[in-house]
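Here's the letter readout for the chains.
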Amino acid sequence: LQLVESGGGLVQPGGSLRLSCAASGFTLNAYNIGWFRQAPGKEREGVSCISSSSGSTNYADSVKGRFTISRDNAKNTVYLQMDSLKPEDTAVYYCAAKLDLFRRCVLSIGPYDYWGQGTQVTVSS
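*Asks:* Pulling in residues and values, what's your account of the sheet that holds strand β8 (residues 77-82)?
*Replies:* Spatial strand order, β1-β3-β8-β7: four strands in an open sheet with antiparallel pairing. The open sheet is flanked by β1 (2-6) and β7 (67-72), the only strands paired with a single partner. If you compare each strand with its neighbour and ignore which way they point, the axes differ by 15° on average. Bridging between β7 and β8 involves six bridges; their strand directions are antiparallel. Directly across from serine 70, in β8, lies its bridge partner tyrosine 79.

Quick look at the structure:
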């Protein structure tokens, strides 16, 4: 079971990036998927998540209105569209998966079983 993130990079403030989280070895549509980030010297924090069955979403207050999470079951991929990026969004971004067909996804780290290797996002002029 593997998750692979991609799409990170260097972007100017106000710019956009779209991160992808591709799964191999399992079908994402049975899993709650979360996006997390970790900046240097800080703890890993939840950014957004999407639930498996309902497709309901959840966002951290710091990214509401700027980030959008979505899933493409045909491609077995979850995306994080990040707009109006700020320097404080700079971090390594990770996706994570939790097998769950019933409960709404959460932004805490504990419940997630599978993690990707992360992709660096740097917002700087």
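Anyway, onward from the coordinates.
*Asks:* Before we move on, could you go through the packing of aromatic side chains and cite the residues and values that matter?
*Replies:* Enumeration over the complete set of coordinates arrives at six aromatic pairs. Centroid distance phenylalanine 36 to tyrosine 112: 5.2 Å. Interplanar angle 75°. Geometry classified as edge-to-face. Here phenylalanine 36 is found in strand β4 (residues 31-38), whereas its partner tyrosine 112 is found in the loop between β9 (91-99) and β10 (114-115), with 76 residues between them in sequence. A relative accessible area of 6% places tyrosine 112 in the buried class. Measuring from ring centre to ring centre gives 6.4 Å for tyrosine 112 and tryptophan 115, while their planes differ by 70°; the resulting arrangement is edge-to-face. Here the aromatic residues Phe26, Tyr31 and Tyr114 are joined through ring pairs into a cluster of three or more. Sitting above the plane of the tyrosine 94 ring, arginine 44 keeps its charged end 3.8 Å from the centroid. Directly above the aromatic system of tryptophan 115 lies the positively charged group of arginine 44, at a separation of 5.1 Å from the ring centroid.

So, how was this worked out
Residues numbered from 1 in each chain as written. Predicted model: local features only at pLDDT ≥ 70, side-chain atom pairs only at ≥ 80, totals over all residues. Heavy atoms only, no water. Pairing = 2+ DSSP bridges. Helix = DSSP H or I, 4+ residues; strand = E, 2+ residues; numbered from the N terminus. Axes fitted to C-alpha atoms, helices over the stretch in contact; angles between N-to-C directions. Phe/Tyr/Trp six-rings, centres within 6.5 Å; stacked < 30°, edge-to-face > 60°. Buried < 20%, exposed > 50% of the residue type's maximum accessible area, 1.4 Å probe, protein only. Lys NZ or Arg CZ within 6 Å of the ring centre and 35° of its normal.

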